[in-house]
Amino acid sequence: MIAGVLIAAPMAQVVRAETYLTEDRAVQALFPGKPFRPQWAELSPGDIKKIQDTSGERVLSPRVRVWWGPGRQAVLIDRVIGKHEYITYAVGVGSDGRISGVEILDYRETRGYEIRRPQWRKQFVGKTAADPLRVNKDIQNISGATLSSTHVTNGIRRVLETYQVLKDRG
Amino acid sequence: MRRARPLLGTFVVIDLRARAPEAELERRIRAAFQAVSEVDALMSFHRCDSDLSRLNRARQGRWIAVHPHTARVLSLSNELFTASAGIFDVRCGAALVEWGYLPNRKIVSVPMALGVCPVELDGDRARKTGPWTLDLGGIAKGYAVDRAVECLRAGGGSGLVNAGGDLRVFGRRAWPVFLREPSAPGLLRPFGPLVNGALATSALYFSEKRRGPWLVSPLVDVRKRKPLTRRSSVSVLSADCAVADGLTKIAALAPSQAADLLNRYNSKGLVLSLNGRLRSLN
């Protein structure tokens with residue numbers, strides 16, 4: 001009887017989040033001891049088309065967060081949304097336009113996972129979709145199936161092309 | 001200090017606890033990520049200049065020079081192949097390409113010769129025993145974790161390296177670890193604490209997909225050329241991560257036969273079912 005009622009009630013969503021680095025600490029980690037300055041750069045529609053065409057990746061926002069250092073070294077901050085997670089990361093680019101390093105800034109699991117079996121729902125008596133999203137900030141070391149980082153790898157391609165566009169501005 | 005990077009096609013987390021200045025911790029972690037990158041470069045199916053891709057492109061029977069890391073991984077693969085009577089088989093590459101888990105490469109559909117090791121080794125040279133498409137995804141992550149741990153351990157302290165769910169801890173600290181519930185992967189099952197050991201898990205909750213009417217997964221039964229579709233998750237505890245990684249594949253594909261092998265490798269296998277039951281395999 002109770003199970004029948006619960007099947008209609010979604011579980012409360014617990015979302016896991018972890019922050020590894022702030023932007024400026026990431027910049028320090030990627031280019032230790034070098035002076036860098038942050039900027040918000042704006043991409044024109046022409047810029048966006050160029051980046052999309054050369055990288056094969058869609059540009060989601062015309063605003064780019066970039067930290068500039070000596071000799072056109074840069075750290076670009078980017079974010080990607082995967083099926084299960086939302087990731088903010090930093091890409092260090094050398095003056096030769098090549099990657100000097102990648103650091104993940106933060107990672108957030110975004111989905112309440114669908115429950116396959118009715119037995120599981122018994123645990124969530126009384127919880128409804130109206131319950132607020134809880135963010136669990138405890139560090140949890142998980143041994144589970146592998147999540148793919150392909151979207152980050154693809155994002156990095158787009159970031160490198162974005163760097164080329166911004167660098168040429170002078 | 002805790003850091004994460006995209007490597008090995010997944011996310012690699014390193015957590016180092018040691019009494020040292022921040023810059024020193026930073027340096028050690030960077031060196032450990034470098035060790036992981038090295039394994040990635042040698043064994044990635046995606047990179048055309050990796051040892052694996054060179055071996056895949058080579059004609060059967062032709063000797064290819066490989067890095068000692070690659071030789072060790074291939075050697076362990078052969079050992080697990082023999083010990084599991086062919087259940088662990090790195091010739092899963094063709095099926096993975098066919099099912100869309102790996103990028104398009106020229107693949108040959110051949111019946112798998114039973115009892116013949118996929119690769120022959122001679123020092124730092126390797127050659128295929130047939131026109132196989134090899135993939136080391138079932139063991140390379142674990143091996144990379146071991147190399148990172150080796151690198152970090154030299155500096156002292158306690159640490160954890162987690163490459164997409166294959167993890168290992170070292171030092172005196174006891175680490176709480178978690179498994180995901182197969183029926184609801186956003187829910188975690190506390191497991192542990194873990195001290196000086198490795199834990200690897202095989203499961204389908206992030207990777208199963210439809211190919212037309214079929215459900216496929218990247219856990220390949222090479223002999224039958226079929227994917228594993230059972231949805232329980234299988235975890236293995238071992239002293240090192242490469243072994244744990246390899247053994248989860250065997251335990252997932254043949255749970256009833258895995259007990260002997262798990263005991264032989266001084267490891268513990270566990271199955272977490274859809275209904276939430278956790279049971280030992282040995």
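Chemist: Give me the overall build of chain B: which residues, what numbers.
Modeler: Tallying secondary structure elements over chain B gives 7 helices and 17 strands in all. Against the globule reference of 19 Å for 282 residues, chain B gives a C-alpha radius of gyration of 18 Å, in line with a compact fold. When its C-alpha atoms are laid out on the principal axes, chain B stretches across 55 × 45 × 35 Å. Burial analysis of chain B (282 residues in total) assigns 60% to the buried set. Considering only contacts in chain B between residues 6 or more positions apart, those separated by 24 or more positions represent 61%.

Chemist: How would you sum up the nonpolar core? Please name residues and give values.
Modeler: B:V12, B:M43, B:L80, B:L136, B:V161 and B:L247 are the most contacted members of the largest nonpolar core, which totals 76 residues. Here the element with the most residues in this core is helix α6 (residues 241–253) of chain B; it accounts for 9 residues. Sequence-distant contacts of B:V12, that is, excluding residues within four places in its chain, are made with B:R3, B:A4, B:R5, B:L7, B:F33, B:V36, B:V161, B:N162 and B:A163. Listed in part, the 45 residues of the second largest apolar core include A:L30, A:I51, A:A74 and A:I104.

Chemist: Describe the pattern of salt bridges, naming the residues involved and giving the relevant values.
Modeler: This structure, assessed with the given rule, holds 28 salt bridges over all chains. Salt-bridge contacts for A:R169 lead to A:D47; the nearest nitrogen and oxygen are separated by 2.7 Å. Taken together, the positions of A:R169 in the segment after α5 (150–167) and A:D47 in helix α3 (residues 45–55) put the pair 122 residues apart, joining distant regions of the chain. One salt bridge connects A:E109 with B:R180, and the closest N-O pair in it is separated by 2.7 Å. A residue pair is termed interchain when its members come from two chains, as with A:E109 in strand β6 (residues 99–109) and B:R180 in strand β8 (residues 175–181). The residues A:E109 and B:R180 share a single accessibility class, namely buried. Bridged by salt links that share partners, the residues A:E18, B:R2, B:D15 and B:R17 form one connected network.

Chemist: A description of the confidence of the model for chain B should follow, citing residues and the corresponding values.
Modeler: Put simply, chain B has an average pLDDT of 93, and 100% of its residues get 70 or more. Interface confidence for the predicted complex, given as ipTM, is 0.92, next to a pTM of 0.91.

Chemist: Break down the packing of aromatic side chains for me, citing the residues and quoting the values.
Modeler: Residues and elements named next belong to chain B. Under the counting rule described, the total for this entry stands at 4 aromatic pairs over all chains. Seen from their ring centres, Y205 and F206 are 4.9 Å apart, and the 85 degrees between their planes marks the pair as edge-to-face. Classification of Y205 as buried rests on a relative accessible area of 10%. For F206, a relative accessible area of 13% puts it in the buried group. The ring of W132 has R91 lying over it, and the distance from NZ or CZ to the ring centre is 4.5 Å. The aromatic ring of W175 is capped on one face by R173, whose charged end is 4.3 Å from the ring centroid.

Chemist: Pulling in residues and values, what's your account of the sheet that holds strand β5 (residues 125–128) of chain B?
Modeler: All names here are of chain B. With antiparallel pairing, the 3 strands of this open sheet are ordered in space as β3-β5-β4. Edge positions in the sheet fall to β3 (64–65) and β4 (119–122), since each of these pairs with one other strand and no more. By the bridge criterion, 2 bridges tie β3 to β5 in an arrangement that is antiparallel. Within the sheet, the bridge partner assigned to A65 lies in β5 and is R125. Set on the sheet, helix α3 (residues 68–83) makes contact with β4 and β5; between it and β4 the angle comes to about 130 degrees.

Chemist: I'd like to hear about the layout of surface pockets, residue by residue, with values.
Modeler: Residues and elements named next belong to chain A. Estimated volume of the second largest pocket: approximately 450 Å³. In terms of lining residues, the second largest pocket is bounded by 23 residues, among which S61, R63, I77, D78 and R79 are the most central. Mapped by element, the contributors of at least two residues to the lining of the second largest pocket are β3 (63–68), β4 (74–81), β5 (85–93), β6 and α5. Counting residues per element, the lining of the second largest pocket draws most heavily on β4, which supplies 6 residues.

Chemist: Quick rundown of α5(A)? Include the residues and the values.
Modeler: Counted at 1.5 Å a residue, the expected span for α5(A) with its 18 residues is 26 Å, and the 26 Å between its end C-alpha atoms agrees. For α5(A), the set of buried residues is A:H151, A:V152, A:N154, A:G155, A:I156, A:R158, A:V159, A:L160, A:T162, A:Y163, A:V165 and A:L166.

Chemist: Outline α3(A), listing residues and values.
Modeler: Residue and element names in this part refer to chain A. D47, I48, I51 and S55 are the residues of α3 that are buried. For α3, the angular spread of the buried residues around the axis is 100 degrees, confining them to a single face. Away from its buried face by more than 90 degrees, α3 exposes P45, K49 and D53. Where the residues of α3 are buried, they touch β2 (37–42) and α5.

Chemist: Quick one: what's the story with the confidence of the model for chain A, residue by residue and with numbers?
Modeler: Any residue range with low pLDDT should be treated as having predicted coordinates unsuitable for detailed reading. Taken as a whole, chain A shows an average pLDDT of 82; of its residues, 74% reach a score of 70 or greater. Segment residues 1–12 of chain A: pLDDT under 50, and 16 contacts once partners within four positions in sequence are set aside and those in other chains are kept.

Chemist: Hey, could you go over the environment of B:Q34 for me, with residue numbers and the actual values?
Modeler: Here B:Q34 lies in helix α1 (residues 22–43). Expressed as a C-alpha distance, the spacing of B:Q34 and B:C151, which sit 117 residues apart in the sequence, is 9.6 Å.

Chemist: Any details on the interface of chain A and chain B? Residues and values, ideally.
Modeler: The interface is formed by 36 residues belonging to chain A together with 43 residues belonging to chain B. Counting the surface lost from both chain A and chain B, the interface buries some 3,600 Å², and carbon and sulfur atoms represent 54% of this. Note that B:R5 is salt-bridged to A:E103, the shortest N-O span being 3.3 Å. Counting across the chain A and chain B interface gives 18 residue pairs in polar contact (both at pLDDT 80 or more). Those elements that place two or more of their residues in the side of chain A that touches chain B are β1 (14–19), α2 (23–30), β6, α4 (118–121), β8 (141–143) and α5 of chain A. Here the side of chain A that touches chain B gets 5 residues from one element, more than from any other, and that element is β6(A). Each residue belonging to the side of chain A that touches chain B can be placed in one class, and the counts come to 18 nonpolar, 10 polar and 8 charged. Here β8(A) pairs with β8(B) via 3 bridges, running parallel.

What counts as what
Residues numbered from 1 in each chain as written. Chains lettered and ligands numbered in written order. Predicted model: local features only at pLDDT ≥ 70, side-chain atom pairs only at ≥ 80, totals over all residues. Heavy atoms only, no water. Helix = DSSP H or I, 4+ residues; strand = E, 2+ residues; numbered from the N terminus. Rg over C-alpha atoms; globule rule 2.2 N^0.38 Å. Buried < 20%, exposed > 50% of the residue type's maximum accessible area, 1.4 Å probe, protein only. Contact = heavy atoms within 4.5 Å. Core = buried A, V, L, I, M, F, W, Y, C linked by side-chain atoms within 4.5 Å. Salt bridge = Lys/Arg side-chain N within 4 Å of Asp/Glu carboxyl O. pLDDT = per-residue confidence, 0-100. Phe/Tyr/Trp six-rings, centres within 6.5 Å; stacked < 30°, edge-to-face > 60°. Lys NZ or Arg CZ within 6 Å of the ring centre and 35° of its normal. Pairing = 2+ DSSP bridges. Axes fitted to C-alpha atoms, helices over the stretch in contact; angles between N-to-C directions. 1 Å grid on protein atoms, 1.4 Å probe; cavity = no way out; pocket = protein on both sides within 12 Å on 5 of 7 lines; lining within 4 Å. Points joined across faces, edges and corners; volume = space filled by probe spheres on them. Expected span 1.5 Å × (residues − 1). Arc of directions from axis to C-beta. Buried area = accessible area lost by both parts, 1.4 Å probe. Polar contact = N/O pair within 3.5 Å; in protein donor to acceptor, adjacent residues only side chain to side chain. Nonpolar A, V, L, I, M, F, W, Y, C, P; charged D, E, K, R; others polar.

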